[in-house]
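Coordinate analysis (summary)
Below, each chain spelled out in residue letters.
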Amino acid sequence: MWIPDGAPPLALYCAPYGGLGLKTKSFAAALARIEGLLASSTSVAQQEAELTVWEPAGQALVEWVAGPLEHGIAGSSGAARTLDDPAALLAKHGHVHDALAAEAWQLFGPPTHIGRRMQRGGPYHVSWEWRVTDPVRAPQQLAMWTPFATANDKGMLDDYSTLVQVRAIWEARLVVAGGRAVPIEYPPSRIHAHLRGKHASAFLDLVLPHDAATDAFLADYQAVNKALGITVPMKGWKLNAPKKKGGGRALKKLPGL
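Read on for an overview of the structure. Everything quoted here is computed from the prediction, not taken from an experiment.

**Notes on the overall build of the protein**
Across its full length, the protein carries six helices and 11 strands. Overall size of the protein, expressed as C-alpha extent along the three principal axes, is 65 × 40 × 30 Å. The buried share of the protein, reckoned over its 257 residues, is 46%. For the protein, the proportion of contacts with a sequence separation of at least 24, taken over those separated by at least 6, is 71%.

**Considering the environment of Pro9**
Its location among the elements puts Pro9 in the segment before strand 1 (10–13). For Pro9, a relative accessible area of 33% translates into the label partly exposed. Considered as a pair, Pro9 and Pro209 are 200 residues apart in the sequence and their alpha carbons are 7.7 Å apart. With sequence-adjacent residues up to four places away left out, Pro9 is seen in contact with Tyr186, His210, Asp211, Leu239, Asn240, Ala241, Pro242 and Arg249.

**Focus: helix 4 (residues 99–108)**
Leu100, Ala101, Ala104, Trp105 and Phe108 are the residues of helix 4 that are buried. Relative to the axis of helix 4, the buried residues are bounded by an arc of 130° and lie together on one face. Exposed and oriented more than 90 degrees from the buried face of helix 4 are Ala99 and Gln106. Among the structural elements, strand 3 (41–56), helix 3 (86–93), strand 6 (124–132), helix 5 (137–151) and strand 7 (164–174) are those in contact with the buried residues of helix 4. The positive-phi residue at the C-terminal boundary of helix 4 is Gly109, with phi of around 80°.

**Description of the packing of aromatic side chains**
All chains considered together, the criterion is met by seven aromatic pairs. Measuring from centroid to centroid gives 5.5 Å for Phe108 and Phe148, while their planes differ by 85°, and the two rings are edge-to-face. Within this pair, whereas Phe108 is found in helix 4, its partner Phe148 is found in helix 5, the two being separated by 40 residues in sequence. Comparing Phe108 with Phe148, the two get one shared label, buried. An aromatic cluster is defined as three or more aromatic residues linked by ring pairs; in this entry it consists of Tyr13, Phe217, Tyr221 and Trp237. Note that Arg81 overlies the ring of Trp64, its terminal NZ or CZ placed 3.8 Å from the centroid.

Here is what the cut-offs are and how they apply
Residues numbered from 1 in each chain as written. Predicted model: local features only at pLDDT ≥ 70, side-chain atom pairs only at ≥ 80, totals over all residues. Heavy atoms only, no water. Helix = DSSP H or I, 4+ residues; strand = E, 2+ residues; numbered from the N terminus. Buried < 20%, exposed > 50% of the residue type's maximum accessible area, 1.4 Å probe, protein only. Contact = heavy atoms within 4.5 Å. Arc of directions from axis to C-beta. Phe/Tyr/Trp six-rings, centres within 6.5 Å; stacked < 30°, edge-to-face > 60°. Lys NZ or Arg CZ within 6 Å of the ring centre and 35° of its normal.

The values are spatial; any link to function lies outside them.
Here you go:
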């Protein structure tokens, strides 16, 4: 998370690689955790929303996304590209949707992007992706996708990824102990949620107005935990402060931890 040079020293929670597991068993429960944190915040602004639906596909369609596998590489995933004419692409490759993807296309129209998951010799999958970066439309789309994602959060692509996934990003100013909001001179927090059934996680770049783990910090920390419904690991909190020389900012251990 980028912190402006003019911001005062602050306590920043740095999410681990892969994000913080939300410890839920469904899409609805994972979304409820995020909504709990947002409900205990002010100046909430959703910036992005994305729905992904995976389905099996033929090798030719999967290779159209990002080419064949390079020699010595066993598999490839991601590599999403923009779709200019989704219907023509389906016709060209003779692709017929499975029931899940057909329902998503019917409900939400043609997707904006396509990705792939490919292993040498198969199986092959494509991801149909509906991406919205308009802060006005993003909340509307998330609300529209929620019933579909709730009803289809059990189908698995592999041991960790569901066939239906929702990703969303918000900025918000946390409201903490005593009902006070993080002051305006501090940057907002950033919540980047990956809602994938029981494997849902979130990158939480949380900002609290403290430069040490004082009693006041601990009270605010507990307020965040209560809003989210889980305990954010204490070890993830760091001090983000201006460097003494040369400009810029440094991330170091929060004093008192």
